[in-house]
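One letter stands for each residue in the lines below.
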Amino acid sequence: MNINQFRRRVEQITIWKKYDQRAPHKPLLILYALGKLHTYKQTAIPFSEADSDLKALLIEFGPPRKSQHPEQPFVRLPNDGIWTLSTSVDYKSTNYSKVRRELLDNQITGGFTPEVQALLEKDKNLIFDTAQQILEEHFPTTLHDDLLEAVSLNKAYKLSRKRRDPEFRKRILEAYEERCAICGFNAKIHNRLVGIEAAHIKWHQFNGPDVEENGLALCSLHHKLFDQGIMTVTNEHLILVSSHATGFGTFEDLVTSFHMHKARNPVSSLYQPSQDYTDWHIREVYKG
């Protein structure tokens, strides 16, 4: 296996699909393993160690679900040709508690295959190139730094940002008169707008289009909270704040005080957020 073949395998990892639901389990496991390798030189990861770590990553960066199953990517990633287990496990089983118990009782470890391991050790930049590939393909840019920090990759690397369509940003900011749709914030220096961003309601990584009906003008703070699932906007243009969100200082003024308030309307009703996109955000991102 060469580097290009490895990159293609990462690009083509099999992701569980049902309509447009999010399933970031394998991408999060790959990021987690890259962090373990880079920071701790750890090549074999016991499931007993990964169990709680992956569950925390899924809760923080995955979709809101009643339960999380970190055992699933652990036993299914070998099918993609880049991961191996110390002992094989029935990856087709839907008895998740049985699979988890088997992983724990048999002290099974997982890690990159020897071929992949050799590539990662030979090319020191490949760890970070692979991390960037995963982030760009599966998560919005507002979450990249937090994800790198969560998997212990942030201290040694600065991502190069993939350039997005500048016209989308321009159209969204014009639609909302260059003000945050949640708090109304607007700031300029030398007539240059600062701190206001164009947010996709349905993420670009899940085929969210660059159209006004899929965009909101948000200040940097509320953009990040929106992508993190702390806030959302309903089809009726109501702002919702997750009851799981807590904070101190000006947290109430900047976050919880907006709960059930109306978001700012765009200049034209044609640009109102589409229900298809707001429903997706509430279902797949919002931690309500």
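These numbers were taken from a predicted model, which means no experiment stands behind them.

Here's the deal with unusual backbone geometry
Alright, step 1. In this structure, glutamine 107 is a non-glycine residue whose phi angle is positive, near 50°.
Alright, step 2. Located in the positive-phi region is histidine 190, a residue other than glycine, with phi close to 50°.
Alright, step 3. Topologically, histidine 190 is positioned in the loop between strand S4 (188–189) and strand S5 (192–193).

Let's talk about the pattern of salt bridges
Alright, step 1. Under the criterion given, the structure shown has 13 salt bridges.
Alright, step 2. As a salt-bridge pair, aspartate 105 and arginine 101 come within 3.2 Å of each other at their nearest N and O atoms. Highlighted residues: aspartate 105 and arginine 101, both in helix H5 (residues 96–105), separated by 4 residues, approximately one helical turn.
Alright, step 3. For arginine 101, a relative accessible area of 41% translates into the label partly exposed.
Alright, step 4. In this structure, lysine 224 engages aspartate 146 in a salt bridge whose closest nitrogen and oxygen atoms are separated by 3.1 Å. Taken together, the residues lysine 224 in helix H10 (residues 220–228) and aspartate 146 in helix H8 (residues 144–150) connect sequence positions 78 residues apart.
Alright, step 5. When salt bridges with common partners are traced through the structure, they connect Asp20, Arg65, Lys202, Arg283 and Glu284 into a single cluster.

What counts and what doesn't
- Residues numbered from 1 in each chain as written.
- Predicted model: local features only at pLDDT ≥ 70, side-chain atom pairs only at ≥ 80, totals over all residues.
- Heavy atoms only, no water.
- Helix = DSSP H or I, 4+ residues; strand = E, 2+ residues; numbered from the N terminus.
- Salt bridge = Lys/Arg side-chain N within 4 Å of Asp/Glu carboxyl O.
- Buried < 20%, exposed > 50% of the residue type's maximum accessible area, 1.4 Å probe, protein only.

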